[in-house]
Structures are given as C-alpha cells and as structure tokens.
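Examining the three-dimensional arrangement
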2 protein chains.
Amino acid sequence: MAPMPSNLPVAIRTPLRQLVTPALLVLMPQLEHNEAAMRSLVRGRGANLRPHAKAHKSGGFTRWLLEQSNGEITGMCTQTVGETEAIVSLGGCKDVLLTNEVATDTAAARLASLAAAHPAATVGVLVDHRLQVEMLARAAATAKAKLRVLVEVDAGQDRCGVRADSPEVLSLVRAIEAEPVLDWGGLHVYHGGIQHVRAPSDRLAAVTAGPGEAARTALRSLSEHKLKPQVVTGGGTGTLMEDLQVGTHNELQPGSYLFMDGDYARNEDLRADGRFFQSLFLHATVISLDESAGKRVLDAGSKACDLVCGPPLATSIDDPALAEALRDVTYASGGDEHGVLRGVPPGVLPLGSTVQLVPSHCDPTVNLYDYMVGVRNGLVEHVWTIDARGY
Amino acid sequence: MAPMPSNLPVAIRTPLRQLVTPALLVLMPQLEHNEAAMRSLVRGRGANLRPHAKAHKSGGFTRWLLEQSNGEITGMCTQTVGETEAIVSLGGCKDVLLTNEVATDTAAARLASLAAAHPAATVGVLVDHRLQVEMLARAAATAKAKLRVLVEVDAGQDRCGVRADSPEVLSLVRAIEAEPVLDWGGLHVYHGGIQHVRAPSDRLAAVTAGPGEAARTALRSLSEHKLKPQVVTGGGTGTLMEDLQVGTHNELQPGSYLFMDGDYARNEDLRADGRFFQSLFLHATVISLDESAGKRVLDAGSKACDLVCGPPLATSIDDPALAEALRDVTYASGGDEHGVLRGVPPGVLPLGSTVQLVPSHCDPTVNLYDYMVGVRNGLVEHVWTIDARGY
C-alpha cells in the first residue's frame, strides 16, 4: 500500500480492495449529482438552501460542499453543539444554525465562545422556553459575542417547540428582542416524522396540515403585533417538493439528499424519478460462510449500521451481475460485529470477498465511523473525518 | 472548571454537574463490586476467566481491570482487529483472543504485526474455514510471528463456526497443526442468543443442549484421534452460572458483568440476588419540556443510546426520591438527538436538569462515545478513552 500521510487514516488513491472493512464509502459521481440536483431544484423557488450537517458531521465535507456549490450555499444547519463547533471551526462555514435547543450554561457558553472566536460567523440556535433565552443572553454577554436566536414552533411532531397558537410565540420573540446580545432570527418549523410519508399526495397533505399550518398560524399572530420574521426555516429531503409547493418557508434544511438512504428510497418519488441517487454505502467483508445454506457472515453487524429504520440492502457498487444476484438476499444482525446474509446463490460472495450495504438511515450510520472515503473509479479520492460524531 | 490536562477530555475531580451531556458514566463502587464478584464466582470452579473487551473497547479500562484483579485476570477477549490492537498496545494485555474470524490478508497481517510487535503477548483468533488458516499462516510467516488459532464450533447460533459433528473440526485442527507459525489453541464454543433466556432453568437447558452438547460432540470426535484441546472457551455474563454447572468449558468470556445493562437485568437472577449491579449510565439533560403534558425532551436520542434491545429506563443515580418519581416514566427516541420522556410528574426534572438512563445493551452504547468517566461521590475519578470504538 502507498505510504499514508500522517494526517489521513487512508491514503488518497488507495484501491477499494485495500480498504479495511467495515468502511463507509461515498460514490463521488452520485454525490456530485445529488449536490447539484438539489441546488437546481430549489433555485429561483423563493427559498434559501441551508443543508443540514447532521448527515455528515464533518468539517472537511462542509468545505467540499461549500466549494462545490460555487458560493450558492452559504449557511448550514447542525443538530448538536459539537457539530456546530466542527462546521464553523473546521468547515469554515460562516453561517450556522443549531436546529435544537440548549438548556445549560455550559452548552450556551460553548456556542457563545464559538461566536466570539469567529466574529465573521453567524451562530444561531433555537429556543422554546424563556429560561433558554436568559442562558443564551448571559453566555453571549460573558463572551462578548452575538447569538442569533430563532423560536421553534411545534409543527405537530410533539417534540420541542411552542404551540403555534400559544402566546409563547410572541413572548419569546419579545424576550429575544429585549436582549441586546441576541438577534431574533425568525421561526423554526420542522416535522421530522413526515419526511418518510411514502406517497407525494399524502406528503403534501401532511406538510400543509403540519409545518404549513403551524407557520401560518404563528405568522398571523406575530403580524398582529407588526412582527415579521426574516426567516421561516424547516423542511428536509423527504418533503422538499411539498415544502416548496406549500410556500410558507423561505429556507429549507435538507441533509440526507447528499447521501440518500434505504428509507428515503422507499418514498415513491425520491429515487424513482432519478432526482437523487444512493451515494452512501457500507463496504463489508465475508468472514465466514455456509455455501449449502446460502449463508454469508459479514464483518458488519449492528455496530456498523444503524438498524432502527430497518435492515440494510446488500448490493454491489461495481458489479451489476453481483447486484442482480443479491436482489433477494436478506440481511439480519448477528450481533454487534456480525451481519448475516441469507439466500445467497452458490458461488456468489466467496470467503474474503467484499459486498456493499445500503443503510436504511444515513445520519446515525455515519455517526458510527471515524471517517468516510469518497470513491471514484475504484480509488479513494477524498477522506473526510467525521469530526462531530459522538458529542 | 479546573484546567484540563491536554490528554484528557475531562479533568479528574470534575463534578458531575459540569459534564457535557450526553455522557457515559460508570459508577466506581458498583464497578468494583461487579469486578470482584465475578472473580469470586469463578474462582476454584475449574474455569479460567477471560473477560471480554468488546464491552468497553478501551486500553485504559483494560489496564484498570488487570490491576484491579491482582494478577487473577491475565487474558482477555476482543471481537474486532481494532479492539485487539488497543487491548494489547494500549491496555498492556499479554494474552488476547479475538473471538471472531478474519478472512482477508489485510486483517491477518494486522494481527500478525501486532504479535510481532509484542513478542511477550499471545495473540489468538478463530477459524471455521481452511482458507482462514492459510491466510493466518501466510501473515504470521511474513511477520515472523506466531498466532494462536482456535477452531470455532457452532453452538446452535447459526452464525460462524463449523458443525460439531462434521469432519471439519478435525481437519481444521490438523491444518492448524501443520503450520509451524500457528499454535492450535483449542475450541471456541459460544452461543450469544441464549445469554438472555430469562429463567435459570430454561438457561441451563439451553446451555446443556447448545454449547454443552456441541463441545461434548467435538471433544468426542477429536479424542478418537488422540487430540485434546488445552482450552474450551465460550460463555458470557448471562449464562455464567449454567456454564459452570454444565462444565464442558474451562474458560469463560463474560464482558457485560462489569457494566450490566437493562436487558441482562431482565434475566431473573442476575440482578435480583445482588450478584451484579448496574454501573453504566447515560447522563442526559432536559433541553425542552411541556409540564402540563408530562413531557421532557432529553439531549439523548438514538445516537446516544443503542435502542436495538429496547428503550432505556430513566432513573437517578444520586436522588432516590427522583428515581422513585421516574419509576413509570417511559422513554422513546424523538430522533437521533432527542429522547422523549413521558409520564413525568409535575415539578420533576426542570429545564436544564440532568437525569440518568440505563441502556438496554451496553456494548453498542459504549461504542457511541469517545470516552467514559468513572464517578465516585459525584466527582470524576477515571477518564477512559474508548480507543477501539468504530473499527
């Protein structure tokens, strides 16, 4: 193997067959297609694109994305304080929105320190309670920084957020505006649960009744007090077309579109029309087998692939005949470090051979790895460390 | 906060309330009890104790364990090549058994290089196919090292391993013995699925019919050829008492006993008789709440806690009244970064407060973190990096 630069776990131009498995692969042509396709879909439709970094959790990948977009993407979302630090400090992103609440002085201080250390960057965060506003104001004052604060409105997911029709929306906006170290950034209205509604018509109904109605209700009550948010943000890869159609949001937050995953591919339109392609795969090795039983044991179990959204599909990224032979093969976890394929035809996948898995949910799967490799023509082209996996 | 030494993510003596959440806690008194209790249970029962490092994946924790045992524990198990490297190189363990197959020259070369770099250490691994023996022999010869090789016999789990009554058992032993760079270490006979059989009587039947019968069958066929393995190894925390009773194994491999987990606690005897105590907890913060609905949103979702074996239990490690108030509270994932508690009484768990979760399965939960902290009297006493999380 070529000597490795000391700062990379895998050398650029390493052949696929030399990778230690299990490994996380991203196919560059598919990734590039997805990246450009999303910008093209959103362009000129009245909504800004703010990709969600919780999909990749990587400073290096952020740099790639910002460069690739030729300046068309400027802001990004994060879901944890650690992601926020990585995307700004390592990724060079100048406009980040943590689409979650923080509720301790420690967490607020980390955000404020980040903003202070990067005065050219805008650091935003959500609130749904008066105490969070106070904590953020204290932290920003101490760090001599400004924080951007958005009010989260519950879009029907019953997770975080104040109810759209409650007086809390107005009172939180007033509380933010009363703090000189905080800027009111607008409203965050997102529903994760409806991203996976399969039929486009059902999804349109869900967006209309969920985030659409919640945003309208909150905007109406604010407008009675002459308040109009700059930004109404939310949405994701699953509801993107419906978010654009409903039109309440002027900022969209898709993340998974870059990688896709098995579960999004089950949405009727997302892959069927070639809009986005699967780019993220797990690369695994057959470590044991029983040919007569059609069984192959892989070195990729529940520790290698998030299984909460269902088992991965087995396929081949470079051998169409193998992919076809694996069409009816099933995967089951055989423990944390074993994945068991059943229904494998004789002679297919010999001991020591590799196979690729399509994870059902990309975000928590990426979280299991220290790095991912971008692959083109069977060679490693990029190595992106997953800086903000964990916390 | 006290200044952090540059090599630790958390300073020793940090108070619990200053930890960044979600965090992985190990309560030292419970850990120490479990560690001593296991040695005491196994001592003088005709079986050697080889704790499994897949529970903690940590070189530093390995050092703690070896020191704590006063020389009574000398060997350990691992489940991946990366764990094997960490436990030998960072943990100083001189006798390691990778209880899994490897099936590529790359993986075999890593094991052989490890053995070559640590000539005082014994590095063992399993085989269930002739090709694996050949790969290991090639790698050991190249590295000028010796590897210890055990034959895995299927104990009924239908994962890896050759059938106990097949001629493969003998032929693999002969193949290993024919290679001068390999030592035949014995038989590995383990069944992961029966670790969680709830009733001790059912578990005894499962051990007798599974690993017990498989070991007897394989031993019988080997003895016809005057072959007797030094070691028959297997077993785990769940079946420990039954493994001792059945008596086919002279080496046991429990790992979870040090931490325990929600699922093992559901085995009827394991916690009921005070044999082992829960020592591993997730430390999480309430980031959002709806008092009137009994809802608290934690910063610990499916990315903070393996959910494959079921949701965690909410409790308090230092407030018995709070633990009692949380007895009927349920946890559900609200996404990768959100955990939702429901049924929380009014006034309990205010915004920004912390709560502890008991994960259902410790191994893959530990895998989600970069480090765990050992806590005594509310202060951090140990910081163990989870060196071999990932691969």
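Nothing here was measured: the structure is a model prediction, and the numbers come from that model.

**What to know about the overall build of chain A**
- Within chain A, the secondary structure is distributed over 11 helices and 17 strands.
- Its C-alpha radius of gyration of 22 Å places chain A within 12% of the 21 Å reference for a compact globule of 391 residues.
- The principal-axis extents of the C-alpha atoms in chain A amount to approximately 70 × 50 × 40 Å.
- Within chain A, buried positions represent 62% of all 391 residues.
- Entry remark: accessible area of chain A is about 13900 Å², with carbon and sulfur atoms responsible for 52%.
- Averaging the positions of the 35 positive and the 44 negative side-chain charges in chain A gives two centres separated by 3 Å.

**A word on the packing of aromatic side chains**
- Considering all chains together, one arrives at 10 aromatic pairs over all chains under this definition.
- With 4.9 Å between their ring centres and 75° between their planes, A:Phe61 and A:Trp384 make a pair best called edge-to-face. Placement of the pair is A:Phe61 in helix α2 (residues 59-68) and A:Trp384 in strand β17 (residues 379-385), with a sequence separation of 323 residues.
- The buried category is assigned to A:Phe61, whose relative accessible area is 0%.
- Ring centres 5.4 Å apart and planes at 40° place the aromatic pair B:Phe61 and B:Trp64 in the tilted group. Of the two residues, B:Phe61 and B:Trp64 are both situated in helix α2 (residues 59-68); the distance of 3 residues between them amounts to about one turn of the helix. Across the pair, exposure class does not vary: B:Phe61 and B:Trp64 are buried alike.
- A connected cluster of aromatic rings, assembled from ring pairs, spans A:Phe61, A:Trp64, A:Phe259 and A:Trp384.

**Structural notes on the sheet that holds strand β3 (residues 76-78) of chain B**
All names here are of chain B.
- The 8 strands are arranged β2-β9-β8-β7-β6-β5-β4-β3 in an open sheet whose pairing can be described as parallel. This sheet does not close on itself; its edge strands, each paired only once, are β2 (48-49) and β3.
- Pairing analysis gives 3 bridges linking β3 to strand β4 (residues 95-101), with the strands arranged parallel. Note that in β4 the partner of cysteine 77 across the bridge is leucine 97.
- Against the sheet, helix α6 (residues 168-177) makes contact with β5 (122-127), β6 (147-152) and β7 (182-188), and its axis sits at roughly 155° relative to β7, the strand it touches most.

**Concerning the environment of B:Asp183**
Residues and elements named next belong to chain B.
- With respect to the secondary-structure elements, aspartate 183 resides in strand β7.
- When the C-alpha positions of aspartate 183 and arginine 148 are compared, they lie 4.7 Å apart, and in sequence the two are 35 residues distant.
- Excluding residues that lie within four positions of it along the chain, aspartate 183 makes contacts with Lys146, Leu147, Arg148, Val149 and Ile176.
- Separated by 3.5 Å, the side chains of aspartate 183 and lysine 146 make a polar contact.

**A short note on the interface of chain B and chain A**
- Each partner contributes to the interface: chain B provides 53 residues, whereas chain A provides 53 residues.
- Across the interface of chain B and chain A, roughly 4400 Å² is buried in total on both sides, 51% from carbon and sulfur atoms.
- Broken down residue by residue, the surface that chain B buries against chain A is led by B:Arg159, B:Lys303 and B:Tyr391, which jointly contribute 18%.
- The interface formed by chain B and chain A includes 9 salt bridges.
- When the shortest N-O distance is used, the salt bridge between A:Arg389 and B:Asp370 registers 2.5 Å.
- At the boundary of chain B and chain A, one finds 21 residue pairs in polar contact (both at pLDDT 80 or more).
- Those elements that provide at least two residues to the side of chain B that touches chain A are β4, α4 (105-117), α5 (130-143), β10 (280-290), β11 (295-298), β14 (339-342) and α11 (362-366) of chain B.
- Per-element accounting of the side of chain B that touches chain A gives the leading share, 6 residues, to β10(B).
- Across the side of chain B that touches chain A, the residue classes break down as 17 nonpolar, 18 polar and 18 charged.

**A look at the sheet that holds strand β2 (residues 48-49) of chain A**
All names here are of chain A.
- Within the open sheet, the 8 strands sit side by side as β2-β9-β8-β7-β6-β5-β4-β3. Their pairing is parallel. Looking at strand neighbours, the two that pair on one side only are β2 and β3 (76-78), the edges of this open sheet.
- Relative to strand β5 (residues 122-127), helix α4 (residues 105-117) is tilted by about 160°, and along the sheet it contacts β4 (95-101), β5 and β6 (147-152).

**Concerning the relation of the copies chain B and chain A**
- The two copies are related by a screw motion: chain B maps onto chain A through a turn of 180° and a shift of 0.0 Å along the axis, at an RMSD of 0.0 Å. Interpreted geometrically, this transformation is the action of a two-fold axis.
- Looking at chain B, 100% of its interface residues are interface residues in chain A too, so the copies touch through the same face.

**Details of the environment of A:His191**
Residues and elements named next belong to chain A.
- With respect to the helices and strands, the residue histidine 191 is situated in the loop between β7 (182-188) and α7 (200-223).
- Taking relative accessible area as the criterion, histidine 191 reaches 13% and is therefore assigned buried.
- Considering only alpha carbons, one finds histidine 191 and threonine 99, 92 residues apart in sequence, at a separation of 12 Å.
- Beyond its immediate stretch of four places on either side in the chain, histidine 191 contacts Ala155, Gly156, Gln157 and Pro211.
- Reaching out from histidine 191, the side chain makes a polar contact with the backbone oxygen of glycine 156 at a distance of 3.5 Å.

**What to know about the nonpolar core**
- Formed by 218 residues in total, the largest nonpolar core has its most connected members in A:Leu182, A:Phe259 and B:Phe259.
- Here this core spans two domains, since at least three of its residues come from each of domain 1 (28-259) and domain 2 (280-385) of chain B.

**Describing the UniProt feature "domain: D-serine dehydratase-like" (unreviewed entry) in chain A**
- The positions UniProt marks with the feature "domain: D-serine dehydratase-like" (unreviewed entry) are residues 279-376 of chain A.
- Taken end to end, residues 279-376 of chain A is 11% helix and 38% strand, and its two terminal C-alpha atoms sit 11 Å from one another.

**Topic: the side chain of B:His56**
- Examined against the element boundaries, B:His56 turns out to sit in the loop between β2 and α2.
- Discounting residues that sit within four places of it in the chain, B:His56 has contacts with B:Phe61, B:Thr62, B:Met76, B:Phe259, B:Val366, B:Met372 and B:Ile386.

**Observations concerning the pattern of salt bridges**
- Going through the model one piece at a time under the given rule, you end up with 41 salt bridges over all chains.
- The partner of A:Arg39 in a salt bridge is A:Glu72, with the nearest N and O atoms 2.7 Å apart. You can see A:Arg39 sitting in helix α1 (residues 28-42) and its partner A:Glu72 sitting in the loop between α2 and β3, a full 33 residues away along the chain.
- Take A:Arg39: its relative accessible area is 11%, and that puts it in the buried class.
- Take A:Glu72: its relative accessible area is 32%, and that puts it in the partly exposed class.
- When the shortest N-O distance is used, the salt bridge between B:Asp158 and A:Arg342 registers 3.0 Å. Residue B:Asp158 is located in the loop between β6 and α6, and its partner A:Arg342 is located in strand β14 (residues 339-342); the two belong to separate chains.

**Comments concerning the packing of α1(A) against α2(A)**
Residue and element names in this part refer to chain A.
- Direction vectors running N to C along α1 and α2 enclose 55°, while the axes themselves pass 11 Å from each other. By the angle between their directions, the pair α1 and α2 is classed as oblique. Crossing handedness for the pair α1 and α2: right-handed. Between α1, through Met28, Leu31, Glu32, Glu35 and Arg39, and α2, the contact on the second element is made entirely by Phe61, Trp64, Leu65 and Gln68.

**Side note on the pairing of β7(B)**
All names here are of chain B.
- Counted residue by residue, β7 has 6 buried out of 7 residues, so it is predominantly covered.
- Relative to β7, β6 runs parallel, the two sharing 6 bridges. Each bridged residue has a counterpart across the sheet, and for arginine 148 the counterpart in β7 is aspartate 183.
- Handedness of the crossover joining β6 and β7 through α6 is recorded here as right-handed.
- Inspection of the sheet shows β7 paired to strand β8 (residues 231-234) by 3 bridges, in the parallel sense. Looking at the pairing, glycine 186 lines up with valine 231 of β8.

Rules used throughout
- Residues numbered from 1 in each chain as written.
- Chains lettered and ligands numbered in written order.
- Predicted model: local features only at pLDDT ≥ 70, side-chain atom pairs only at ≥ 80, totals over all residues.
- Heavy atoms only, no water.
- Helix = DSSP H or I, 4+ residues; strand = E, 2+ residues; numbered from the N terminus.
- Rg over C-alpha atoms; globule rule 2.2 N^0.38 Å.
- Buried < 20%, exposed > 50% of the residue type's maximum accessible area, 1.4 Å probe, protein only.
- Areas by Shrake-Rupley, 256 points an atom, 1.4 Å probe, with all protein chains shown as cover.
- Lys, Arg positive; Asp, Glu negative; His and termini not counted.
- Charge placed at Lys NZ, Arg CZ, Asp CG, Glu CD.
- Phe/Tyr/Trp six-rings, centres within 6.5 Å; stacked < 30°, edge-to-face > 60°.
- Pairing = 2+ DSSP bridges.
- Contact = heavy atoms within 4.5 Å.
- Axes fitted to C-alpha atoms, helices over the stretch in contact; angles between N-to-C directions.
- Polar contact = N/O pair within 3.5 Å; in protein donor to acceptor, adjacent residues only side chain to side chain.
- Buried area = accessible area lost by both parts, 1.4 Å probe.
- Salt bridge = Lys/Arg side-chain N within 4 Å of Asp/Glu carboxyl O.
- Nonpolar A, V, L, I, M, F, W, Y, C, P; charged D, E, K, R; others polar.
- Least-squares fit on C-alpha atoms with pLDDT ≥ 70 in both.
- Core = buried A, V, L, I, M, F, W, Y, C linked by side-chain atoms within 4.5 Å.
- Domains from an automatic or database assignment.
- UniProt positions renumbered as here; feature names shortened; annotations may be inferred.
- Parallel < 35°, antiparallel > 145°, perpendicular 65-115°, else oblique.
- Left-handed = near helix turned anticlockwise from the far one by under 90°.
- Right-handed = clockwise from strand over helix to strand, strands pointing away.

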